[in-house]
Amino acid sequence: MNEIQDSVFILSLVLMAMVLSAFIFVALKSAHKEDYARVQPNAYRLRRILFGVIVVGGIFATIGTTRSLPYDVQHNRNAQQAAINVEGKQWYWGLSQDSVAKDTEVTFNVSSGDVNHGFGIYDSDLRLLAQTQAMPGYTNKLVHTFDRPGNYQLMCLEYCGLVHHGMIANFTVTETVTHSEL
Ligand SMILES: [Cu+2]
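Just so it is clear, the structure is predicted and the values come from calculations on it, not from any experiment. (Residues numbered from 1 in each chain as written. Predicted model: local features only at pLDDT ≥ 70, side-chain atom pairs only at ≥ 80, totals over all residues. Heavy atoms only, no water.)

J.: Go over the coordination of the copper ion with me, naming the residues and quoting the values.
T.: Ligation of the copper ion by protein atoms is provided by Cys-156 (SG), Glu-158 (O), Cys-160 (SG) and His-164 (ND1), these donors lying 1.9 to 2.3 Å from the ion. Classification of the site at the copper ion as tetrahedral follows from its 4 donor atoms and the range of 87 to 121° in their angles at the metal. All donors of the copper ion come from a single chain, and their spacing in sequence reads C-x1-E-x1-C-x3-H. Exposure remark for Glu-158: the relative accessible area of 27% places this residue in the partly exposed category. (Donors = N, O, S within 2.8 Å, 3.2 Å for Na, K, Ca; no water. Tetrahedral: all angles 85-135°; square planar, octahedral: opposite > 155°, others 65-115°. Buried < 20%, exposed > 50% of the residue type's maximum accessible area, 1.4 Å probe, protein only.)

Structure follows, in structure tokens:
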């Protein structure tokens with residue numbers, strides 16, 4: 001993953017350098033006067049070509065990159081499934097179940113009993129793994145598969161009042177199925 005991020009970073013730098021040099025080129029040339037009627041046809045032709053390149057490149061980039069999005073993996077990898085109801089309230093999380101076995105495809109049905117909350121799942125290093133809105137009168141489905149056992153934390157991601165910061169619930173992912181999950 002880091003390699004991808006590194007190459008995206010370098011690619012961004014290269015593209016930014018190209019945009020910057022275009023600006024510098026235009027700024028340096030700005031004092032130079034040219035007959036518009038003579039320049040126009042060439043410029044329009046160049047614009048058409050560039051537009052075509054961007055459209056075709058965009059189609060290929062879309063096809064090439066959407067295939068590696070993780071959404072499909074969430075839904076297909078596991079036989080084991082669980083549905084957990086989550087209700088956010090000032091200032092706690094009500095959970096129908098607070099542990100699952102690893103590699104379970106968990107569907108969190110997230111709602112709120114009062115105001116808007118943000119439902120975020122963090123691992124033990126406090127890395128955000130998945131999140132969705134917890135809204136009154138509406139249920140958001142968040143599908144996540146925990147591939148490592150351990151202690152996770154569910155935290156509120158949207159300021160919801162005085163004790164927003166205390167709106168934390170523990171969530172356990174076990175190596176194998178335990179009694180409380182049956
Ligand atoms: Cu909150």
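Next, the rest of the story.
J.: Describe the side chain of Asn-140, and please don't skip the residues or the numbers.
T.: You can see Asn-140 is positioned in strand β7 (residues 140-145). From its side chain, Asn-140 meets the backbone oxygen of Gln-133 in a polar contact 2.9 Å long. (Helix = DSSP H or I, 4+ residues; strand = E, 2+ residues; numbered from the N terminus. Polar contact = N/O pair within 3.5 Å; in protein donor to acceptor, adjacent residues only side chain to side chain.)

J.: With reference to specific residues and values, describe the packing of aromatic side chains.
T.: Across all of its chains, the model carries 6 aromatic pairs by this definition. Measuring from centroid to centroid gives 5.4 Å for Phe-108 and Phe-119, while their planes differ by 55°, and the two rings are tilted. Taken together, the positions of Phe-108 in strand β4 (residues 105-112) and Phe-119 in strand β5 (residues 117-122) put the pair 11 residues apart, joining distant regions of the chain. Each member of the pair, Phe-108 as well as Phe-119, carries the same accessibility label: buried. With 6.3 Å between their ring centres and 80° between their planes, Phe-108 and Phe-146 make a pair best called edge-to-face. Of this pair, Phe-108 sits in strand β4 while Phe-146 sits in the loop between β7 and β8 (150-156), and the two are 38 residues apart along the sequence. With a relative accessible area of 0%, Phe-108 lands in the buried category. Taken together through their ring pairs, the aromatic side chains of Trp-93, Phe-108, Phe-119, Phe-146, Tyr-152 and Phe-171 make up a single cluster. Here Arg-47 stacks its cationic end above the ring of Tyr-44, 4.5 Å away from the centre of that ring. (Phe/Tyr/Trp six-rings, centres within 6.5 Å; stacked < 30°, edge-to-face > 60°. Lys NZ or Arg CZ within 6 Å of the ring centre and 35° of its normal.)

By themselves these figures say nothing about function.
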